[in-house]
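Structural overview for review
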Amino acid sequence: MRLSELGQKEIVNLNNGGRLGLILDSDFLVSEDTGKIISLLVPEKRLSFKLFGLDSNGFEIPWNTIRKIGYDMIIIELD
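We now turn to the structure provided with this report. What you see is a predicted model; the values in this text were computed from it and never measured.

Scoring rules and cut-offs
- Residues numbered from 1 in each chain as written.
- Predicted model: local features only at pLDDT ≥ 70, side-chain atom pairs only at ≥ 80, totals over all residues.
- Heavy atoms only, no water.
- Phe/Tyr/Trp six-rings, centres within 6.5 Å; stacked < 30°, edge-to-face > 60°.
- Helix = DSSP H or I, 4+ residues; strand = E, 2+ residues; numbered from the N terminus.
- Pairing = 2+ DSSP bridges.
- Axes fitted to C-alpha atoms, helices over the stretch in contact; angles between N-to-C directions.

Next up on the list: the packing of aromatic side chains. For any two aromatic rings, the description comes down to two numbers: the centre-to-centre distance and the angle of the planes. Per the counting criterion, the structure on display carries one aromatic pair. For the pair F28 and W63, a centre-to-centre distance of 6.5 Å together with 55° between the ring planes defines the contact as tilted. Taken together, the residues F28 in strand 3 (residues 27-30) and W63 in the loop between strand 5 (59-62) and strand 6 (66-69) connect sequence positions 35 residues apart.

Below, the discussion takes up the sheet that holds strand 5. Read from one edge of the open sheet, three strands run 3-4-5, paired in antiparallel fashion. Looking at the sheet topology across the chains shown, the edges are occupied by strand 3 and strand 5. Taking each pair of neighbouring strands and ignoring which way they run, the sheet shows an average axis angle of 30°. Pairing of strand 3 with strand 4 (residues 37-42), which is carried by four bridges, proceeds in the antiparallel orientation. Pairing of L29 across the sheet is with S39, part of strand 4.

Moving on: the sheet that holds strand 1 (residues 10-13). Read across the sheet, four strands follow the order 2-1-7-6 without closing on themselves; strand pairing throughout is mixed. Whereas interior strands pair on both sides, the edge strands pair on one side only; in this sheet they are strand 2 (19-22) and strand 6. When the angles between neighbouring strand axes are averaged without regard to direction, this sheet yields 20°. Bridge count for strand 6 against strand 7 (residues 73-76) is three bridges, and the pairing is antiparallel. Note on strand 7: the bridge partner recorded for I66 is I76.

If you want it as structure tokens, here you go:
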């Protein structure tokens with residue numbers, strides 16, 4: 001699957017059904033040695049807050065917590 005195909009997929013937590021955002025709003029942490037994705041960096045606040053200069057650290061989703069990449073969503077398993 002190409003990275004461009006992931007963009008519109010929504011990230012959903014299997015354990016609580018929480019919607020964490022879209023892949024296109026996230027950044028990827030990539031290993032310099034192997035080129036493999038280590039984790040997703042998902043912003044905590046919506047884009048509208050960033051317009052006013054309020055930046056949030058967000059949270060990190062380890063790549064190994066991804067359980068399924070479907071047609072329109074990515075299912076992760078986080079506690």
